Amino acid sequence: MPITVRQAKREDLEKVIELTVRLKKLNEEFDPLYTVRQDIYDVVKKYVESSMGKENVIILVAEEQEVVGFIRVEIRSRTFYEPTMEGVITDLYVIPPFRRKGVGKVLIDAGIRELKSRGVYLASAEFPPMNKISVDFYQRMGFKPLLYTFFKEV
Amino acid sequence: MNEGWYEISLKKHRKYGGKIEVLPKVPITSLKDFAIWYTPGVAEPSRSISKDPDLSFELTSRWNTIAVVTDGTRVLGLGNIGPEASYPVMEGKSMIFKYLGGVDAVPVPLRVKSADELVETVKRLEPAFGGINLEDIESPKCFFVLEKLRNEMQIPVWHDDQQGTATAILAGLINALKVVGKKINDITVALIGAGAANIAAARLLIRAEVNPGNMIMVDKAGILHAYREDMDKMMFENKWKYDLALQTNSENRTGGIEDAMRGVDVVIATSTPGPGIIKKEWVSQMNKDPIVFALANPVPEIWPQEAKEGGAKVVATGRSDFPNQVNNSLVFPAVFRGVLDVRARTITDDMAVAAAKGLASYAEEKGLSADYILPTMEETGAYIKTAVAVAQKAIELGLARIRRSQEELEMMAAKSITSAKAKYEALTKSGLIEV
């Protein structure tokens, strides 16, 4: 069955929230500083709901009978550098039975098409550096590291 | 287990100072013979090997010598007790290798900090050995280590806690299915426990044509399925279990052990010592003529008698005091006998399946019944048959350094195994080994 990608709609809200919660919980694996908040569901709900209305945010879902994955891309301006705009992939998640079937790539390709149509020619992705699977994936997709963010509890 | 065994064991280990020793096997009629076996003569075999390293399999004991390697992180039921403490276990294994398989095995407990360090160290042992038997390494590290070493070494690497047990399970299953008249590619199987043994068993069963969708696996958190909450975590922590969660349970069944067993033909449990892990009533809810393998030691997940009362047709355990002992000691001496006799480069899953079929066919020729699906350790013929099956598969797959006919293989295996026992008996009889 072919997988289709489309803009997220109001009726996808619940599913996108559920997948976003799973994604944030997945990060718990990597570091105690990724421990999700007690009210994770509520904050994710707000996060997704407000994203839906925003001009600078793209949410696409991959569908095969049901939603099997999604991508959230946030367009940000770059103050000092060219190009001046960047599309940041803040969230990308595919449910386990649909992994290793190219769904992630389909989502990224669609996100990039959408960025280009809006005149944005730089894409980036944010994720924990310990997520080796993501590191490999984005490298395969032609991304390279361009920014380090270091953390320290003070 | 009787407390007495522990005291006796400690006393005997102290008395004999361990269990194995190295003895020359060549004639030394006078010390002059050292000129042949050692300098200056020995320079010539060395020169030959330096030109062709594979000659080390012909001119040295390498061809028949393996290392029994551990990092001591999961020894018996004792847990992470460290490399020194694992030595008695590795030495015991080495003793069995010699006694049942004619294989010279050396205990090699290693002090290593990480899986990568273990892999690196074992790789460096390659020139000294014809094979590597990994032992008592914690899960899921053991999957990574085996996979890596199998890919990167030119001698067979085997992790007995995974493959030995899995091969014995498959052999028992093949014959149990014959007893109840079911076909392996039709059956549904519940696997209780998702440690090294059952993950390896699941993979081997798939290799032997059990339909993966028809298998239902249960770990501590319940039935594995593709949508389970902890799948993301599992993908990073144990990708082998994760893969099985995706492949198995095509109906996406959820729940616990009872749910997993409902309606299935076979249950294979390698989980927590029982009794009471599996209930008689759950066996009653299985499909017609249930097969129950309750393999936890020292106490099976369900007592055989109870399983029978629940309607089980064939019951196997890990214990020698009940019929049908699923015992990796039936497997590892024979598998290494086979691969060493043809200087194989590896042991593939197909070779493990061949071993299981060889072992199963031996029991079948003797005459199967609900109480006899596997040979016992006394049946030397089973080891020879299994060794030959493994060796022939290695030749067929192009993984053997040398080719031999079936007759040659049978003779070689029989000679190695019987001569090891005969030499030992001679030493005992003469009083050189004090009984």
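Cut-off values and rules
- Residues numbered from 1 in each chain as written.
- Chains lettered and ligands numbered in written order.
- Predicted model: local features only at pLDDT ≥ 70, side-chain atom pairs only at ≥ 80, totals over all residues.
- Pairing = 2+ DSSP bridges.
- Helix = DSSP H or I, 4+ residues; strand = E, 2+ residues; numbered from the N terminus.
- Domains from an automatic or database assignment.
- Nonpolar A, V, L, I, M, F, W, Y, C, P; charged D, E, K, R; others polar.
- Buried ≥ 20, exposed ≤ 12 C-beta atoms within 10 Å, placed from the backbone.
- Axes fitted to C-alpha atoms, helices over the stretch in contact; angles between N-to-C directions.
- Parallel < 35°, antiparallel > 145°, perpendicular 65-115°, else oblique.
- Left-handed = near helix turned anticlockwise from the far one by under 90°.
- Contact = placed C-beta atoms within 7 Å.

Observations concerning the sheet that holds strand 7 (residues 222-223) of chain B
Residue and element names in this part refer to chain B.
1) Next: Within the open sheet, the six strands sit side by side as 7-6-5-8-9-10. Their pairing is mixed. What marks the edges here is a single partner per strand, and that holds for strand 7 and strand 10 (314-317).
2) Next: Note: strand 8 (residues 266-269) against strand 9 (residues 291-294), four bridges, orientation parallel. If you follow Val-266 over to strand 9, its bridge partner there is Ile-291.

Focus: the domain arrangement of chain B
All names here are of chain B.
1) Next: Here the domain parsing of chain B yields domain 1 (15-155), domain 2 (164-317) and domain 3 (331-429).
2) Next: Domain 1 and domain 3 are separated by 20 Å when their C-alpha centres are compared.
3) Next: Listed by contribution, the elements that provide at least two residues to the side of domain 1 that touches domain 3 are helix 5 (83-101) and strand 3 (131-134).
4) Next: The biggest single contributor to the side of domain 1 that touches domain 3 is helix 5, with six residues.
5) Next: For the side of domain 1 that touches domain 3, the per-class residue count stands at nine nonpolar, seven polar and three charged.

Focus on helix 11 (residues 239-247) of chain B
1) Next: Those residues of helix 11 of chain B that sit buried are Trp240(B), Lys241(B), Tyr242(B), Leu244(B) and Ala245(B).
2) Next: Within two residues after helix 11 of chain B, Asn249(B) carries a phi angle of roughly 55°, on the positive side.

Thoughts on the packing of helix 15 (residues 332-341) of chain B against helix 17 (residues 380-396) of chain B
Residues and elements named next belong to chain B.
1) Next: Direction vectors running N to C along helix 15 and helix 17 enclose 45°, while the axes themselves pass 7 Å from each other. By the angle class used here, helix 15 and helix 17 are oblique. The way helix 15 lies across helix 17 gives a crossing that is right-handed. Packed against helix 15, whose contacting residues are Pro-333, Ala-334, Val-335, Arg-337, Gly-338, Val-339 and Asp-341, the element helix 17 presents Tyr-383, Thr-386, Ala-387, Val-388, Val-390, Ala-391 and Ala-394 at the interface.
2) Next: Residues belonging to the contact of helix 15 with helix 17 are distributed by class as follows: 10 nonpolar, two polar and two charged.

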